[in-house]
Amino acid sequence: MKITVNQTVIELDCGDITEETTDAVVNAANSRLAGGAGVDGAIHRAGGPAIMAECRKIGGCPTGEAVITTGGNLKSRWVIHAVGPVYRGGGRGEAGLLVSAYQNSLNLACKKGLASLSFPAISCGAYGYPLGEAASLALSTCVTFAQSHPELRLIRHVLFDRQTYDVFAQELKKIMP
Ligand code: AR6
């Protein structure tokens, strides 16, 4: 499913983010940039040790922020490591932190002059963020960003399983401009 906002295509797809060919893939990292399971493990496995070598040099990334490294052996040239919040009931600023993680990733992509990037469902696995709310925040943040950043041509949301894809599709229909 896809929509066009101003000059940017926002697209949903079901699949493995390590197979993306966009300029950058976003990693759902932890604040130590230490690697882990889920999409983080998959990106480091597929991209090889060059990514971790740069993560070690950077040292860490606060929750809600993002940093950029090489894409190593991935088809994408860059990995943007975004740190989403651990969901602890919703009363600890989780929504704002999740929005920031998306915004900072998008800003970093534009600062680097990239035209396309692919997001996973940040915080929706190990970090336990409720899917519907996370999808709504992710998509509305991208739609708002696209309205003022026509240079970013393609934003993909690559959802690993059908259920996640369906929830994102449902939320995208709701906020369609
Ligand atoms: N491609 C796309 N999406 C994927 C892939 C993949 N290859 N693998 C998993 N997902 P998670 P989080 C989906 O747990 O919740 C790590 O250990 C997954 O189904 O990867 O932000 C880090 O080191 C889910 O929908 O990230 C952190 O410590 C989504 O990606 C912590 O987990 C996010 O799930 C971050 O937790």
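Structure's up top.
Since this is a predicted model, take the numbers as computed values, not measurements.

Colleague: Describe the pairing of strand β1 (residues 2-5), and please don't skip the residues or the numbers.
Modeller: Side chains of β1 alternate between two faces, with I3 and V5 buried and K2 and T4 left unburied. Here 4 bridges tie β1 to strand β2 (residues 8-14), and the two strands are oriented antiparallel to one another. Directly across from I3, in β2, lies its bridge partner I10. Linking β1 to β2, which pair antiparallel, is a turn of 2 residues; within it N6 sits at a positive phi near 55 degrees.

Colleague: A description of the sheet that holds β1 should follow, citing residues and the corresponding values.
Modeller: Spatially, β1-β2-β7-β6-β3-β5-β4 is the arrangement adopted by the 7 strands of the open sheet, whose pairing is mixed. In the strand order of this sheet, the two ends are held by β1 and β4 (66-70), each with one partner. On average, adjacent strands in this sheet sit at an angle of 25 degrees to one another, irrespective of strand direction. Taken strand by strand, helix α1 (residues 38-47) contacts β3 (24-29) and β5 (78-83), and its axis lies near 130 degrees from that of β3.

Colleague: Could you give an account of unusual backbone geometry, with specific residues and numbers?
Modeller: Backbone geometry follows two general trends: most residues other than glycine have a negative phi, and most peptide bonds adopt the trans configuration. One non-glycine residue, L33, adopts positive backbone phi at about 55 degrees. With respect to the helices, strands and loops of the structure, L33 is situated in the loop between β3 and α1. At S123, a position not held by glycine, the phi torsion is positive, near 75 degrees.

Colleague: Outline the layout of surface pockets, supporting the account with residue identities and numerical values.
Modeller: Gaps left between atoms show up when a probe the size of a water molecule is rolled over them. Looking at the largest pocket, its volume works out to about 590 Å³. A28, G38, V39, G125 and A126 are the residues nearest the centre of the largest pocket, which is lined by 27 residues in total. Every element with two or more residues in the lining of the largest pocket is listed here: β3, α1 and β7 (154-159). Here the lining of the largest pocket is built from residues that sort into 15 nonpolar, 8 polar and 4 charged.

Colleague: Tell me what's going on with the site of the ligand, and back it up with residues and numbers.
Modeller: The local shell around the ligand holds 21 residues, among which N30, D40, S123, G125 and A126 are the closest. A distance of 2.8 Å separates an oxygen atom of the ligand from a polar side-chain atom of N30. Y127 places a main-chain nitrogen or oxygen 3.0 Å from an oxygen atom of the ligand. Burial of the ligand by the surrounding chains reaches 89%, relative to a free accessible area of 700 Å². According to the grid-proximity analysis, the pocket containing the ligand is the largest pocket. Per-element accounting of the shell around the ligand gives the leading share, 4 residues, to α1. Broken down by class, the residue content of the shell around the ligand amounts to 12 nonpolar, 7 polar and 2 charged.

Colleague: I'd like to hear about the nonpolar core, residue by residue, with values.
Modeller: In this structure, I80, L117, F119 and F168 are the most contacted members of the largest nonpolar core, which totals 43 residues. If you tally residues by element for this core, the top one is helix α4 (residues 131-148), at 10 residues. Beyond its immediate sequence surroundings of up to four residues, L117 is in contact with T22, A24, V26, I80, S105, L106, A109, L152, L154, I155 and R156.

Conventions we followed
- Residues numbered from 1 in each chain as written.
- Predicted model: local features only at pLDDT ≥ 70, side-chain atom pairs only at ≥ 80, totals over all residues.
- Heavy atoms only, no water.
- Buried < 20%, exposed > 50% of the residue type's maximum accessible area, 1.4 Å probe, protein only.
- Helix = DSSP H or I, 4+ residues; strand = E, 2+ residues; numbered from the N terminus.
- Pairing = 2+ DSSP bridges.
- Axes fitted to C-alpha atoms, helices over the stretch in contact; angles between N-to-C directions.
- Contact = heavy atoms within 4.5 Å.
- 1 Å grid on protein atoms, 1.4 Å probe; cavity = no way out; pocket = protein on both sides within 12 Å on 5 of 7 lines; lining within 4 Å.
- Points joined across faces, edges and corners; volume = space filled by probe spheres on them.
- Nonpolar A, V, L, I, M, F, W, Y, C, P; charged D, E, K, R; others polar.
- Near = heavy atom within 4 Å.
- Polar contact = N/O pair within 3.5 Å; in protein donor to acceptor, adjacent residues only side chain to side chain.
- Areas by Shrake-Rupley, 256 points an atom, 1.4 Å probe, with all protein chains shown as cover.
- Sits in = over half its atoms within 2 Å of the grid points.
- Core = buried A, V, L, I, M, F, W, Y, C linked by side-chain atoms within 4.5 Å.

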